[in-house]
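# Working through the structure, step by step
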Amino acid sequence: MILLDGKKVSNEILENIKDKIAKTNKKIGFAIIWVGNNDASSIYVRNKLKKCEELGINGKLYHLEENALEEEVISLIDKLNKDDNVNGIILQSPVPKQIDIINCFNRIKPEKDVDGFANLSVGNLCLGIPNHISCTPKGIIRLLEYYNIDLEGKNVCLINRSNIVGKPLFNLLISKNATVTMCHSKTKDIKEFTKNADIVISAVGKPNFITEDMVKDGVIVIDVGISRIDGHVIGDVDFTNVSKKASYITPVPGGVGPMTIAMLFENLLNTLKEDK
Ligand code: NAP
């Protein structure tokens, strides 16, 4: 069994990004909008800002109150869209319920949409003309490529159909000539699909969702899920037992999570090639 070491791969990518930033005379400005006080978001936002400092990126947090209105978020996005010193804008999810997150994502100028969540970014990806690709799907593909895992002709069972993970990832996988079965909460007998898959990608958010009996020998397993139990982060996969059958498997933590971060900063670096 080979561990798909996202932490190691992401460190290499980030080192490379840091070098490129140090060599350019252009400044990268990154705006993070955070509405409310979600605990997990506070960790994610802090980590992103810390990473900005390490990489030499001008990261700035715009923290709005829990009761902020959608119009306030939209007007902030409009201001940041016009600011030539801002290359990338993200809106940290989740947002309080009075805000329609899709409306807000769609307001971000496509070239500054470094999370790749806006309709245009997702639509362009479906059409095979991607600009910024959303970071988790992009990070999964990059991790497989790093380990020379060819997707052509592989049967992939993807368990997730969300806008930020499943839908963009489905499109990336088929663009690499994989055959993809997309499962979700209404799928009958998931095991029937996982058992026949060369690659199982699980993004459900339920611990021990993927067990040893659900996969075939030699399977490649990508665990996207994140659950927090007693302060520990755990994935969807019963790692101890599934890893005995797997040829390659991601750990949690240290697999897909760090790749997601690396891809965000790669998208930011790529904004330097575009007109702002
Ligand atoms: P989400 O929108 O809640 O999607 C969860 C998906 O799992 C949905 O498609 C849902 O089906 C499906 N599902 C739920 N219960 C199921 C069941 N019993 N059987 C089969 N499918 C089931 O969440 P998300 O934002 O896509 O994130 C998914 C997970 O990935 C979460 O744990 C999240 O924390 C994690 N995540 C990790 C990273 C990372 O960087 N590592 C990044 C993003 C997300 P329906 O569509 O039918 O509801």
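Shown above is the structure to which this text applies.
Residues numbered from 1 in each chain as written. Predicted model: local features only at pLDDT ≥ 70, side-chain atom pairs only at ≥ 80, totals over all residues. Heavy atoms only, no water.

Now for the site of the ligand. Contacts to the ligand come from 21 residues, most closely from Asn160, Arg161, Ser162, Ser185 and Thr260. With respect to the ligand, the backbone of Val224 contributes an N or O atom lying 3.5 Å from a nitrogen atom. Here the ligand, which alone exposes 920 Å², has 70% of that area covered by the protein. In terms of residues, the shell around the ligand owes the most to one element, helix H10 (residues 256-270), which gives three residues. Its residues assigned to classes, the shell around the ligand comprises ten nonpolar, nine polar and two charged. (Near = heavy atom within 4 Å. Polar contact = N/O pair within 3.5 Å; in protein donor to acceptor, adjacent residues only side chain to side chain. Areas by Shrake-Rupley, 256 points an atom, 1.4 Å probe, with all protein chains shown as cover. Helix = DSSP H or I, 4+ residues; strand = E, 2+ residues; numbered from the N terminus. Nonpolar A, V, L, I, M, F, W, Y, C, P; charged D, E, K, R; others polar.)

In this section: unusual backbone geometry. Here Ser93 and Pro94 are connected by a cis peptide whose omega angle stands at 5°. Counting through the fold element by element, Pro94 comes out in the loop between strand S4 (88-91) and helix H4 (101-107). Residue Pro253 is bonded to the preceding Val252 through a cis peptide linkage, with omega at 0°. Note on placement: Pro253 falls in the loop between strand S11 (248-249) and H10. Phi is positive for Asn148, which is not a glycine, with a value near 55°. Along the polypeptide, Asn148 turns up in the loop between helix H6 (135-146) and strand S5 (155-159). Residue classification places Asn148 among the exposed residues on the basis of a relative accessible area of 71%. With a phi angle near 70°, Asn177 is a residue other than glycine that sits in the positive phi range. Among the structural elements, Asn177 can be located in the loop between helix H7 (166-175) and strand S6 (179-183). (Buried < 20%, exposed > 50% of the residue type's maximum accessible area, 1.4 Å probe, protein only.)

Let us look at the sheet that holds S6. Spatially, six strands are ordered S1-S11-S8-S7-S5-S6 in an open sheet, and the strand pairing comes out parallel. Unpaired on one side and paired on the other, strand S1 (2-3) and S6 mark the two borders of the sheet. Relative to strand S8 (residues 220-223), strand S7 (residues 199-202) is paired through four bridges, and the arrangement is parallel. Paired with Ile201 across the bridge in S8 is Ile222. (Pairing = 2+ DSSP bridges.)

Our next topic: the pattern of salt bridges. Inspection of the entire model under this criterion finds nine salt bridges. Asp78 serves as the salt-bridge partner of Arg107, at 2.9 Å between the closest nitrogen and oxygen. Residue Arg107 is located in helix H4, and its partner Asp78 is located in helix H3 (residues 70-82); the two are separated by 29 residues in the primary sequence. With relative accessibility at 23%, the residue Asp78 sits in the partly exposed group. (Salt bridge = Lys/Arg side-chain N within 4 Å of Asp/Glu carboxyl O.)

This next bit is on the packing of H6 against H10. Orientation of H6 relative to H10, taken along the N-to-C sense of each, is 105°, at an axis distance of 8 Å. Classified by the angle their axes make, H6 and H10 are roughly perpendicular. Contact with H6, carried on its side by Cys135, Thr136, Lys138, Gly139, Ile140, Arg142 and Leu143, involves Val256, Met259, Thr260, Met263, Leu264, Glu266, Asn267 and Asn270 of H10 and no other residues of that element. (Axes fitted to C-alpha atoms, helices over the stretch in contact; angles between N-to-C directions. Parallel < 35°, antiparallel > 145°, perpendicular 65-115°, else oblique. Contact = heavy atoms within 4.5 Å.)

This part covers H6. Here H6 is twelve residues long and its end C-alpha atoms lie 16 Å apart, about the 16 Å a rise of 1.5 Å per residue gives. Burial analysis of H6 places nine of its twelve residues in the buried class, which makes it a mostly covered element. Considered for burial, the residues of H6 that qualify are Cys135, Thr136, Pro137, Lys138, Gly139, Ile140, Ile141, Leu143 and Leu144. Next to the buried residues of H6 lie helix H1 (6-23), H7, S7, S8 and H10. (Expected span 1.5 Å × (residues − 1).)

On to the sheet that holds strand S2 (residues 29-35), then. Taking strand neighbours across the sheet as the criterion, the three strands line up as S3-S2-S4 in an open arrangement whose pairing is parallel. What marks the edges here is a single partner per strand, and that holds for strand S3 (58-64) and S4. Strand-to-strand twist in this sheet, taken as the mean axis angle between neighbours without regard to direction, amounts to 15°. Bridge analysis of S2 against S4 gives four bridges, and the strand direction is parallel. When the sheet's bridge partners are listed, Ala31 is paired in S4 with Ile89. Its contacts with the sheet place H3 against S2, S3 and S4, and it is angled at close to 180° to S2. Contacting S2 and S4, H10 runs over the sheet at an angle of about 130° to S2.

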